[in-house]
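Coordinates in review
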Amino acid sequence: MKETFYVTTPIYYVNARPHLGHIYTTLVADTLIRFKRQRGVDSFFLTGTDEHGINIERAAEARGMPLQQHVDEIVQEFKEAFAHLGIEYDRWVRTTNLYHEQGVQKLWTAILDRGYIYKGEYQGWFCGYCNEFKEVDDDIATPLCPVHEKPLDRIAEESYFFKLSEMQDRLLELYRSRPDFIQPETRRNEVISFVSGGLKDLSISRVSVKWGVPVPGDPGHTIYVWFDALANYITALGWGNSEYQDFGRFWPGHHLVGKDILRFHAVYWPAFLLAAGVEVPSSVRVHGMWLSGGRKMSKTLGNTIDLAVLYKHFTPDMIRYFVLREMSFGHDGDFTYEALVDRVNSDLADGIGNLASRTLTMVRNYFDGSPPRVTGGNAEGRLNKEDACQVRAAVEQAKAGFDGEFDTLNFSRALEAAWAAIARIDKFISDNQPWQLAKDSARRADLEAVIATAYEGLRQVVLLIGPALPNAARQIWQQMGCQGDPLAINPAGVAWGDQGDGPLRIGQVTGAFPKLPKDKIMSEIEKERAADQPQSGQATTEQALPAEEAAAPSVATGILPLAPTITIEDFVNIDLRVATVLAAERVPKADKLLRLQVDLGEGEPRQILAGIAQYYTAEQMVGRKIIVVANLAPRKLRGLESNGMLLAASIGEEGRPVLATFTEDVPNGARLK
Ligand code: MSP
């Protein structure tokens, strides 16, 4: 049977504009698929958008836009961002596609029929501001919303459950019998230890969410967004619908995902499929995150990589090369524009670009545009130097290592191998100084040998780098006068010197990669980035993440939209007072709680429990001026009564509290208005 290869990216949320993180996974998939196609493998590449759920609803609301218009607009932005980079996917799935919704319902029914879904009651911590359940630390008596830092309410809601608890053994058996199911190894171990710890049944419907796929036969319930989203990998091939007929041909496939969504792909997804009686994926391949300045990218920190800026200064091939070369797949990588400019200049302008233009210029100048051949006259022999043989060996070594590295997604090392060959050819040219040989007609054969070897080496390298640098490869290939599309020629089938019959003639020689003026570009980028920072309080389309991801590292957060408007009467009802902390201590067995005695000028100190112990020590708190919500109903935390709440700014994605205070002397008990 013919080999097939099916690769997917996560489908992207349409509550945030596309950024570097999204294009990374998609570029990896695109490069991999081009690599497979070049080797004649029947391949299929799926990407798309995740468009249901409360967060998407809220993002549309924040923009004051009808839902459908909002999602259509963001989908278009994603498509344009990918098109700019020349990404060639085969299909774009949208979870709002009718065929997908039919497939999701079919998957639900298949699992239900096999007895893995039941109706029950979901008990959880609910945030009224977010309008959703939150996964929080069970340690805390009254946990706070990680987004709003407000107390959560304990609420029960009717829900359908998936019997995940019954899948533990089958999942562990899957990981054991198929060691490459989750790659790399570190992520596999993480998943095994998570699943070994026991699995709880999973709530897979919501009554409070409307923007989604209705539960078959019970339309008051909407199918959980992750159940809906994961199903895209099969519905887009036609599973459970009549739109497409590609399931038999391409499934099972390989999922490329960031480590932020590992659990969904390596635990829930195979569990759903096992329960439905559908074959599980071939592999889940997990990459790290792009950081910026050593920190996760986020709008709040102002360190995201804006695609408009990136695209303005760098060509698609520059971006492709940089992300593939700089990030070792599986590990986090730091993105800086400086590093990007440096890589472009050293590896592309001075590396492949320079090799191509110097070789072809010499073909034009010394051989009237017809490259001499290594075959026939045995060019290496004529040169009578080991050198040419070493060049050939370096190129063949790069070719031999390249495929293995690509198959295991070590793009960085694969490119390193190709660049080692480029450096070797370059050195060969410099060592043999063809410009000197050209001055001596008695050394014409040597000159031929040098140029023939360089030309052939370049030809081989261009085929190798095609999947990573499609535009440059095609441009150089054409300038070399070679026939056909280099991305359709399997390098393994092209032997050293095997240039076909007809005489070759090079085309017009233009530099593939001009050198970038670093200082000028950096100062322009600085200005553009400063202009792009959102003002405090300004709504952006980026929203808080759904509860399930809140605990995992992710980059899509932003400035929160304002809470609903209130009247002055509403505000007057909130009694804010100045106070001083008299005593503070940790609450045993509660990581986050400090027990404070505070003076509000009432004569008697008050006890307040504050969830700040991970950020402030008891010593730091004593003597501190704080602001307290003084008329908050008392509540019990860990059996201790709390009589009020401290005010703090909530910073960054983790919601780090920074306590509010005064710089002037203010008496305890003074009211804030
Ligand atoms: N909609 C879900 C996925 C559902 S798949 C059935 C989702 N979407 S997302 O828009 O948040 O995209 C997450 C993916 O984007 C990550 O898994 C990763 O592939 C990519 N990246 C987002 N930010 C990233 C970085 N900073 N660095 C690298 N990749 C990142 O989760």
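Within each chain, residue numbers correspond to sequence positions counted from 1 in written order. Local features in this predicted model are restricted to residues whose pLDDT is 70 or higher, and side-chain atom pairs enter the listing and the counts only when it is 80 or higher, whereas totals over whole chains, interfaces and linings include all residues. Neither water nor hydrogens contribute to the side-chain values; these are computed over all heavy atoms in the structure.

1. Thoughts on the overall build of the chain
- In this description a helix means any DSSP run of H or I spanning at least four residues, a strand means any run of E spanning at least two, and both kinds are numbered starting from the N terminus. Along the backbone of the chain there are 23 helices and 27 strands.
- Projected onto its principal axes, the C-alpha positions of the chain cover 105 × 65 × 45 Å.
- Within the span of the chain, comprising 673 residues, buried residues form 54% of the whole.
- Long-range contacts, defined here as pairs at least 24 residues apart, represent 74% of the contacts in the chain between residues at least 6 apart.
- The protein chains shown are the only cover counted for residues, whose accessible areas, like all others here, come from Shrake-Rupley with a 1.4 Å probe. About 28200 Å² of surface is accessible on the chain, with carbon and sulfur atoms providing 50% of the total.
- For the charge count, each Lys or Arg is scored as positive and each Asp or Glu as negative, with His and the chain ends excluded. The location of each charge is read from NZ of Lys, CZ of Arg, CG of Asp or CD of Glu. Taking the average location of the 72 positive side-chain charges in the chain and that of its 87 negative ones, the two points are 2 Å from each other. Each residue's exposure class comes from its accessible area (1.4 Å probe, protein chains only) as a fraction of the maximum for that residue type: buried when under 20%, exposed when over 50%, partly exposed otherwise. For this analysis, residues touch if any pair of their heavy atoms sits within 4.5 Å.

2. Describing the sheet that holds strand 12 (residues 218-223)
- Strand order in the open sheet formed by 3 strands is 10-12-11, with antiparallel pairing between adjacent strands. Each edge of the open sheet is held by one strand with a lone partner, namely strand 10 (205-206) and strand 11 (214-215).
- Where strand 10 and strand 12 come together, 2 bridges link them in antiparallel fashion. Looking across to strand 12, one finds that arginine 206 is bridged to threonine 222. Here a strand pair is declared whenever DSSP counts at least two bridges between the two strands.

3. A short note on the pattern of salt bridges
- Here, a salt bridge means any Lys or Arg side-chain nitrogen found within 4 Å of an Asp or Glu carboxyl oxygen. Applying the stated criterion across every chain, the model contains 36 salt bridges.
- In this structure, arginine 37 engages aspartate 90 in a salt bridge whose closest nitrogen and oxygen atoms are separated by 2.8 Å. Of the two residues, arginine 37 is situated in helix 1 (residues 20-38) and aspartate 90 in the loop between helix 3 (67-84) and strand 4 (91-94); the sequence distance between them amounts to 53 residues.
- When its relative accessible area of 28% is taken as the criterion, arginine 37 is described as partly exposed.
- Since its relative accessible area comes to 37%, aspartate 90 is described here as partly exposed.
- Between arginine 325 and glutamate 416 there is a salt bridge whose closest N-O contact spans 3.8 Å. Remark: glutamate 416 occurs in helix 16 (residues 411-432) and arginine 325 occurs in helix 12 (residues 316-326); sequence separation between them is 91 residues.

4. Focus on the packing of aromatic side chains
- Pairing of aromatic rings covers Phe, Tyr and Trp, the last counted by its six-membered ring, and requires centre-to-centre distances within 6.5 Å; plane angles under 30 degrees mean stacked, over 60 mean edge-to-face, and any other angle means tilted. In the structure shown here, the tally under the stated rule is 32 aromatic pairs.
- With centroids separated by 5.1 Å and ring planes inclined at 35 degrees, the aromatic side chains of phenylalanine 44 and phenylalanine 250 adopt a geometry described as tilted. Of this pair, phenylalanine 44 sits in strand 3 (residues 42-50) while phenylalanine 250 sits in helix 9 (residues 247-250), placing them 206 residues apart in sequence. Each member of the pair, phenylalanine 44 as well as phenylalanine 250, carries the same accessibility label: buried.
- Their ring planes at 25 degrees and their centres at 5.0 Å tell us that phenylalanine 402 and phenylalanine 406 sit as a pair that is stacked.

5. Considering the side chain of arginine 34
- With respect to the helices and strands, the residue arginine 34 is situated in helix 1.
- Residue arginine 34 is classed as buried on the basis of its relative accessible area of 6%.
- Other than its neighbours up to four places away in sequence, arginine 34 contacts Gly86, Glu88, Arg320, Pro467, Pro470, Arg474 and Leu487.

6. Comments concerning helix 10 (residues 262-276)
- Counted at 1.5 Å a residue, the expected span for helix 10 with its 15 residues is 21 Å, and the 21 Å between its end C-alpha atoms agrees.
- Maximum bend of helix 10: about 30 degrees, positioned at tyrosine 268, with proline proline 270 one to four residues after it.
- Among the 15 residues in helix 10, 14 count as buried, and that is most of the element.
- Positive backbone phi, approximately 80 degrees, marks glycine 277, located one or two places after helix 10. Working rule for helices: expected span equals 1.5 Å times residues minus one. Throughout, the bend at a residue refers to the angle made by two axes, fitted to the seven residues ending there and to the seven starting there.

7. Describing the site of the ligand
- Consider each residue's heavy atoms; a residue with any of them within 4 Å of a molecule or strand counts as near. Contacts to the ligand come from 23 residues, most closely from Ile11, Thr25, Asp50, Asp260 and Trp290.
- Within the backbone of tyrosine 13, one N or O atom sits 3.0 Å away from an oxygen atom of the ligand.
- Pairs of N or O atoms within 3.5 Å make up the polar contacts considered here, provided that, within protein, one atom can donate a hydrogen while the other can accept it, and that residues adjacent in sequence are counted only when both atoms are side-chain atoms. In the model, a nitrogen atom of the ligand is placed 2.8 Å from a nitrogen or oxygen of the tryptophan 290 main chain.
- The protein chains hide 98% of the 670 Å² of surface that the ligand would expose on its own.
- Taken together, the elements giving at least two residues each to the shell around the ligand come down to strand 2 (12-13), helix 1, helix 7 (225-230) and helix 8 (232-235).

8. Section: the pairing of strand 20 (residues 606-610)
- By the criterion of burial, strand 20 is predominantly enclosed, with 5 of the 5 residues buried.
- Neither face of strand 20 is left uncovered, since the one carrying Arg606, Ile608 and Ala610 and the one carrying Gln607 and Leu609 both have all their residues buried.
- Between strand 19 (residues 594-599) and strand 20, which pair antiparallel in sequence order, lie 6 residues; one of them, glycine 601, sits at a positive phi of approximately 75 degrees.

9. Side note on the nonpolar core
- Residues Phe162, Leu310 and Phe314 are the most contacted members of the largest nonpolar core, which totals 171 residues.
- With 14 residues, helix 13 (residues 337-367) is the single largest residue contributor to this core.
- Residue contacts for phenylalanine 314: discarding those within four places in its chain leaves Ile319, Tyr337, Leu340, Val341, Leu516, Ile521 and Ile525.
- Leu596, Leu600, Ile626 and Leu659 belong to the second-largest nonpolar core, a separate cluster that totals 19 residues. The term nonpolar core refers to a set of buried residues drawn from Ala, Val, Leu, Ile, Met, Phe, Trp, Tyr and Cys, joined through side-chain atoms within 4.5 Å.

10. Describing the pairing of strand 4
- Every second residue of strand 4 is oriented toward a common face, with Arg91 and Val93 on one face and Trp92 and Arg94 on the other, all of them buried.
- Strand direction decides the pairing type here: strand 3 and strand 4, joined by 4 bridges, are parallel. Counted as the bridge partner of threonine 49 is arginine 94 from strand 4.

11. Thoughts on the sheet that holds strand 16 (residues 295-296)
- The sheet built from 3 strands is open, its strands ordered 16-15-17 with mixed pairing. For this open sheet the edge positions go to strand 16 and strand 17 (333-335), each flanked by a neighbour on one side alone.

12. Digging into the confidence of the model for the chain
- How sure the predictor is of each residue is captured by pLDDT, a score from 0 to 100. Overall, the predicted model of the chain reaches an average pLDDT of 88, with 91% of residues at or above 70.
- With pLDDT under 50 throughout, residues 534-559 is counted as low confidence; its partners more than four residues away or in other chains account for 70 contacts.

13. Let's talk about unusual backbone geometry
- Cis rather than trans, the peptide bond between glutamine 183 and proline 184 has omega equal to 0 degrees.
- Its place among the elements puts proline 184 in the loop between strand 8 (182-183) and helix 6 (185-196).
- For the peptide bond that leads from tryptophan 251 to proline 252, omega is 5 degrees, which places it in the cis range.
- As for its placement among the helices and strands, proline 252 is situated in the loop between helix 9 and strand 13 (254-258).
- Despite not being glycine, aspartate 368 has its phi angle at roughly 55 degrees, a positive value.

14. Some words on a nonpolar patch on the surface
- A contiguous nonpolar surface patch, about 440 Å² in accessible area, is contributed by Ile566, Ile568, Phe571, Val572 and Ile574.
- Along the polypeptide, phenylalanine 571 turns up in helix 22 (residues 568-572). Patch membership is restricted to residues that have no salt bridge and whose relative accessible area is over 30%. Joining uses 9 Å for like charges and 5 Å for the nonpolar side chains Val, Leu, Ile, Met, Phe, Trp and Tyr.

15. Points about the packing of helix 13 against helix 16
- Running from amino to carboxyl end, helix 13 crosses helix 16 at an angle of 45 degrees, the nearest separation of the two axes being 10 Å. With respect to their mutual orientation, helix 13 and helix 16 come out oblique. Crossing handedness for the pair helix 13 and helix 16: left-handed. Taken together, the residues of helix 16 that come into contact with helix 13 (itself represented by Asp347, Leu348, Asp350, Gly351, Ile352, Asn354, Leu355, Arg358, Thr359 and Met362) are Trp419, Ile422, Ile425, Asp426, Ile429 and Ser430.
- Looking at the contact of helix 13 with helix 16 residue by residue, the class counts come to 8 nonpolar, 4 polar and 4 charged. Lines fitted to C-alpha atoms define the axes, with helix axes restricted to the stretch in contact, and inter-axis angles between N-to-C directions lie between 0 and 180 degrees. Any angle that is under 35 degrees is reported as roughly parallel, and any over 145 degrees as roughly antiparallel; angles of 65 to 115 degrees are reported as roughly perpendicular and all others as oblique. Here is the rule for handedness: rotate from the far helix to the near one, and if that takes an anticlockwise turn smaller than a right angle the crossing is left-handed, while a clockwise turn gives right-handed. Note on residue classes: Ala, Val, Leu, Ile, Met, Phe, Trp, Tyr, Cys and Pro are nonpolar, Asp, Glu, Lys and Arg are charged, and everything else, Gly too, is polar.

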